[in-house]
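Reading the structure
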2 protein chains.
Amino acid sequence: MAAERSTGSRRDFLRSVGIAGGAGVLYSAMGALGLAPVPDVRAERYRPPSRSDFTLSGRGAKKVLVLGGGIAGLATAYELGKAGYDCRILEAGDRPGGRNWTVRGGTSLTDLDGRKQTASFSKGQYMNAGPARLPQSHVTLDYCRELGVELEVFTNQNANAYIYHENSAALASRPIRWRTAKADVYGYVSELLAKATDQGALDTRLTASDKERLIAFLQSFGAIKGKADGYAYTGTDRRGYAVEPGAAFEAGTVLGPVPSLSDVIASGVGQRFSFELGYDQAMLMFQPVGGMDAIPYALAEAIGPDRITYGARALEVTDLPDGAEVTYQDARGRVRGQRADFVVAAVPPMVMARIKHNLGAQVTAALEYPTATPVGKIGLEYRSRWWETDEHIYGGITPTDMDLSTIWYPSYGYQGRRGTLIGYYHFGANALSYGALPHEQRLARAVSQGVKIHGEKYRSELERSFSVAWHRTPHIEGGWVGWPSQDGPEYKLLNQPAGHVYFAGDWLSHVIAWQHGALTSARKVVTGIHERVMAA
Amino acid sequence: MAAERSTGSRRDFLRSVGIAGGAGVLYSAMGALGLAPVPDVRAERYRPPSRSDFTLSGRGAKKVLVLGGGIAGLATAYELGKAGYDCRILEAGDRPGGRNWTVRGGTSLTDLDGRKQTASFSKGQYMNAGPARLPQSHVTLDYCRELGVELEVFTNQNANAYIYHENSAALASRPIRWRTAKADVYGYVSELLAKATDQGALDTRLTASDKERLIAFLQSFGAIKGKADGYAYTGTDRRGYAVEPGAAFEAGTVLGPVPSLSDVIASGVGQRFSFELGYDQAMLMFQPVGGMDAIPYALAEAIGPDRITYGARALEVTDLPDGAEVTYQDARGRVRGQRADFVVAAVPPMVMARIKHNLGAQVTAALEYPTATPVGKIGLEYRSRWWETDEHIYGGITPTDMDLSTIWYPSYGYQGRRGTLIGYYHFGANALSYGALPHEQRLARAVSQGVKIHGEKYRSELERSFSVAWHRTPHIEGGWVGWPSQDGPEYKLLNQPAGHVYFAGDWLSHVIAWQHGALTSARKVVTGIHERVMAA
């Protein structure tokens, strides 16, 4: 605890320096404190409530009722439970996790419109219908460690996967491997910048030694020719091989021909590259072994399964002078009530907005302020792993400009007999148009597009499928939400308690659509409740 | 078989077109045949000998003696054995695999100079002392599939790992995360090229629409500002965060400050980027679960362990009019002889050059022609996985300009209690200087350098270690070999049989230092022997 406090102080010092003096001062201060290159500020920040906090204080842990058994609700009950709080969760669905949902054989889903699917995936095959990837910096990994959830690499990037643009101004409808796209784009970019640099076009920005070093970099980065050859990019084995090098006299045949500079630029493949540079998307990324729902099931197990009531739909939330009360309908249709010292509403805002409450019209308006994003995903189980055997694609993602958006190759079960692709993952308009269709039509549309990239086996080897449209899924109603503004009064209002009622969820964070957002939001509410109890 | 023949013809057609008409024609022909984007030529190429080949032919499988139980020797015996050949392997060491070697607790090594180490790694901890990564296109993966060797991702790239240059002209001795280095280099490169393009410096090379599209790409790729702001790069959250975004009002603090253009170029971080673009090194890459030696052990099991004699040092190879003979010393020191129809020498060329033979002085000269590369690696077992908990580095590689060269974070056992880094992997002069030291001094030198990047925990958390200097390892004597030329008579000579004696190994391929080279070389020899037997 002493260590945590001193860490806290150090962090406060750093932040204050950072805020007062700009990032430069912050960085120097970090170095001075021996914290450079990158301090792990986040992980040291949260101090969970502890049973020992109550010792000799005369205070006791309170009763907390949590609405929603998604990640935020589970984490709230888990963290408070560790300190002895009496937590209960009311979950409208029949499982923990919310959008963290792994679909296996036997899993079923009835959409808001009444359409029902039941997955028939083979044993060992699954799709993560919601979150599927974990960045290294997210607190989600700390929970996995604490809960014993085993991890493996999620393959968010693969040089052998394709980029497929059917509407580009050049190279249209040709699947181009990421490695080929990078070789060509980096090659031509290097050629152009080396030429311009050499010709003095950037002399106002570059010193002589800058120029020399920059050109040396570009020669390595672009695998371009030397000055005598005009720094030309003419191809490299980074593009891949049409015939693989091998024994004796087989030196390999590099994939060709190299498209022209103009065609490479017009193909738009380079527009895909920034994805892999994104803070949340850069490899390495991870997934729980066996399915993302290992996280909510581990949380539920740690909380105590008897503390979670499934099939419990909240009808009304009432703040009281000394606590709060929830009225709900249980799985048998009976209306029941529960009282607690605090209520944590960890449900999507648009769902919460429709639950009767006495928290005021401003709360309702604030809950209605963010808008839900439509999101869709389909799992396609194949009887063979043709992407591995025929195309040497072991994991990764193929982005397209078709309305399926992206195809994901599985990050588990390599070289097994069967495998399950994600045949589309998309949001916004694409998710709306697919989601409006019955499953068989979603499937047919996704497969007819996938065939353009992978050929007829994309259809002929297919055996089973399952699709989810999150915006049409009961109790959830969206993939995530977007705030018109997170600087306004609505966001601020919901980030503070309404009497004895707190709100939690990724939607109350700056990391929306990630479990990290839900977990840090839960931690904030947990800290708020505990500080209030201790101060009382 | 019919399918294989028709595939063969299609492939022959493609290759003949490729050779006659250049890669452009090849690519078009591929498209015409419905094979674009990338045909899987290699995997369809090899036709293994089969027992059925002998049916009604009046011929029978022959006896083959293989010298060396490394990957090439094992694959030779495995492939011939499937067709009924009576294969025996004489291996000088006490295990299969050669340089494919996984070191665990209890593994010992006595160097050529008599220095002995015995590894004391904890249960479940290991280091792959030789090959450690498998590209998706290599035939090695096909053997893993066929042999049931389970795979997982090898983490050859990680945005959270560092680049560490202590001798650079700027930013020296600061560990810089790959993500930060990429954000800054791509940012400034984009700024420079956008400026030059906008100012018309490349108008002879770019049309108006090229320019427009190129600048749009650069804005996405570099996360730079718009024209009004001179396309300036001023930083982005791709660099990483000093304070991670989280709940409520925590929007995060982006890591800063952004070094100047001149400093970023002078730091040399960009020179590291081409590694990840290399045909053999681009992610995704793979490793067998539990250690690389799963491959040789699976091969040995398939061959039949009784067919491999360990501790058998070849003394003499004699080509005879109707076969060949090998004299060797067995594990008890007895000199013995074995005759066979064919001998396959699958040992390093410099080792083979010293074995007495009657194959002619040209063969000896050719064997002495390639030179061995010194290679060293050290495994460091830590009592905690501080790189994961403190620095959010789950796998990947940190390159440095120190003589340790690279540090590798483990690709297995994530979030476990212990973990084993590779504390150096280097070759050439660095491997020679480390290799000359006793283990304790290698260790001290490697740790004192690692401390510069990771701090004192790099020393204080360390518990066990093991190092290998391949050039000082009996029967192997090098990490791999380099040919002054693979176009000369020496390489050609050894790629054909000397009477009844064949040579095999990665050193007889265009994929040296990879198991793919050894496996394809073995396949070539197997095909050569089988065709000779069938034609006799």
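Above this text you will find the structure in question.
Quick caveat, the model's predicted, so the values are computed rather than measured. (Residues numbered from 1 in each chain as written. Chains lettered and ligands numbered in written order. Predicted model: local features only at pLDDT ≥ 70, side-chain atom pairs only at ≥ 80, totals over all residues. Heavy atoms only, no water.)

A short note on unusual backbone geometry
Convention followed: A run of H or I in DSSP becomes a helix once it reaches four residues, and a run of E becomes a strand once it reaches two; helices and strands are each numbered from the N terminus. When a residue's accessible area, from a 1.4 Å probe over protein chains only, is under 20% of the maximum for its type it is buried; when over 50% it is exposed; and in between it is partly exposed.
Backbone torsion omega between Gly256(A) and Pro257(A) reads -5°, so that peptide bond is classified as cis. Its identity is not glycine, yet Ala223(B) carries a phi of approximately 50°, on the positive side. Secondary-structure assignment places Ala223(B) in the loop between helix H5 (208–222) and strand E11 (241–243). For Ala223(B), a relative accessible area of 25% translates into the label partly exposed.

Regarding the nonpolar core
Convention followed: Nonpolar core, defined: a set of buried Ala, Val, Leu, Ile, Met, Phe, Trp, Tyr and Cys residues in which side-chain atoms within 4.5 Å join the residues together. Only heavy atoms enter the contact rule, under which two residues are in contact if any of them lie within 4.5 Å.
Core analysis: the largest hydrophobic core is formed by 200 residues, its most contacted members being Phe503(A) and Phe503(B). Beyond its immediate chain neighbours, meaning those up to four positions away, Phe503(B) contacts Ala345(B), Met352(B), Leu359(B), Val363(B), Leu367(B), Leu494(B), Gln496(B), Ala498(B), Leu508(B), Ser521(B) and Val525(B). In terms of nonpolar packing, the next biggest core, distinct from the first, is built from 110 residues, Trp178(B), Tyr186(B), Met402(B) and Val447(B) among them.

Re the sheet that holds strand E19 (residues 356–357) of chain B
Residues and elements named next belong to chain B. Going by this rule: Strand pairing is defined by DSSP finding a minimum of two bridges between the two strands.
The strand order E17-E16-E15-E19 describes an open sheet built from four strands, whose pairing is mixed. Looking at which strands have only one partner, the edges of the open sheet turn out to be strand E17 (335–340) and E19. Sheet topology note: the strand E16 (residues 323–329)/E17 ladder contains six bridges and is antiparallel. Across the sheet, residue Gln329 finds its bridge partner in E17, namely Val335.

Notes on the sheet that holds strand E8 (residues 151–154) of chain B
All names here are of chain B. As summarised here, the arrangement of the three strands in space is E7-E13-E8, forming an open sheet in which the pairing is antiparallel. The sheet is open, and its two borders are formed by strand E7 (134–135) and E8, each paired with just one other strand. Looking at chain direction, E8 and strand E13 (residues 285–288) are connected through four bridges and run antiparallel. Among the inter-strand pairings, Glu152 is bridged to a residue of E13, identified as Gln287.

What about the environment of Leu74(A)?
All names here are of chain A. Structurally, Leu74 is set in helix H2 (residues 71–82). Judged by its relative accessible area of 0%, Leu74 is buried. Along the chain, Leu74 and Arg417 lie 343 residues apart, while their C-alpha atoms are 36 Å from each other. Ignoring any residue separated from it by four or fewer positions in sequence, one finds Leu74 in contact with Gly68, Gly69, Ile89, Pro96, Gly97, Pro296, Leu299, Ala300, Ile303 and Ile308.

Some remarks on the interface of chain A and chain B
What counts is decided by this rule: Polar contact is the term for a pair of N or O atoms within 3.5 Å; when the atoms are in protein, one must be able to donate a hydrogen and the other to accept it, and sequence-neighboring residues count only if both atoms are side-chain atoms. In this classification, Asp, Glu, Lys and Arg are treated as charged, Ala, Val, Leu, Ile, Met, Phe, Trp, Tyr, Cys and Pro as nonpolar, and every other residue, Gly included, as polar.
Taken together, the contact between chain A and chain B spans 109 residues of the former and 109 residues of the latter. In this structure, the connection of chain A to chain B is made through 42 residue pairs in polar contact (both at pLDDT 80 or more). Each residue belonging to the side of chain A that touches chain B can be placed in one class, and the counts come to 57 nonpolar, 30 polar and 22 charged.

So, the relation of the copies chain A and chain B
Operational definition: Our superposition of the copies is a least-squares fit, built on the C-alpha atoms of residues whose pLDDT is at least 70 in both.
When chain A is fitted to chain B, the best match, at an RMSD of 0.0 Å, comes from turning it 180° and sliding it 0.0 Å along the axis. Seen this way, the second copy is the image of the first under a two-fold rotation axis. A shared binding surface is used by both copies, with 99% of the interface residues of chain A retained as interface residues in chain B.

Quick word on the packing of aromatic side chains
The geometry of two aromatic rings is summed up by the distance between their centres and the angle between their planes. Under the convention used in this document: The pairing test for Phe, Tyr and Trp rings, Trp by its six-membered ring, is centres within 6.5 Å, and the orientation test on the planes gives stacked under 30 degrees, edge-to-face over 60, and tilted for anything in between. A ring has a charge above it when a Lys NZ or an Arg CZ is no more than 6 Å from the ring centre and no more than 35 degrees off the ring normal.
Scanning the model with the defined rule gives 61 aromatic pairs over all chains in all. Lying across the ring of Tyr126(A), Arg104(A) places its NZ or CZ 6.0 Å from the centre.

So, the pattern of salt bridges
Oppositely charged side chains are able to pair whenever their charged atoms sit close together. Short version of the rule: Every case where a carboxyl oxygen of Asp or Glu lies within 4 Å of a side-chain nitrogen of Lys or Arg is listed as a salt bridge.
On inspection of all chains with the given rule, the structure shows 64 salt bridges over all chains. In this structure, Arg336(B) engages Asp330(B) in a salt bridge whose closest nitrogen and oxygen atoms are separated by 3.5 Å. Judged by its relative accessible area of 40%, Arg336(B) falls in the partly exposed class. A relative accessible area of 9% means that Asp330(B) is categorised as buried. Of the charged contacts in the structure, one is a salt bridge between Arg383(B) and Glu461(B), with a shortest N-O distance of 3.9 Å. You can see Arg383(B) sitting in the loop between strand E21 (375–382) and helix H11 (386–389) and its partner Glu461(B) sitting in the loop between helix H14 (457–460) and strand E25 (462–469), a full 78 residues away along the chain. When its relative accessible area of 36% is taken as the criterion, Arg383(B) is described as partly exposed. Glu461(B) sits in the partly exposed class, given a relative accessible area of 21%. Several salt bridges converge on common partners, so that one network encompasses Glu381(A), Arg383(A), Arg418(A), Glu461(A), Glu463(A) and Arg464(A).

Some points on the environment of Ser190(A)
Residue and element names in this part refer to chain A. Here Ser190 shows up in helix H4 (residues 178–198). Under the relative-accessibility criterion, Ser190 is labelled buried at 0%. Along the sequence, Ser190 and Gln219 sit 29 residues apart, while their C-alpha atoms lie 7.1 Å from each other. Other than its neighbours up to four places away in sequence, Ser190 contacts Leu218, Phe221, Gly222 and Ile224. A distance of 3.4 Å separates the side chain of Ser190 from the backbone nitrogen of Gly222, its partner in a polar contact.

Concerning the pairing of strand E18 (residues 342–345) of chain B
Consecutive residues of a regular strand have side chains that alternate between opposite faces of the sheet. Residues and elements named next belong to chain B. Residues Phe342 and Val344 point to one face of E18 and Val343 and Ala345 to the other, with burial holding for every one of them. Two strands pair when backbone bridges link them, and strand E1 (residues 63–67) and E18 are joined in this way by four bridges, in the parallel orientation. Bridged to Leu67 within E18 is Ala345. Note that E18 and strand E27 (residues 501–503) share three bridges and pair parallel. Its bridge partner being in E27, Val343 is matched across the sheet by Val501.

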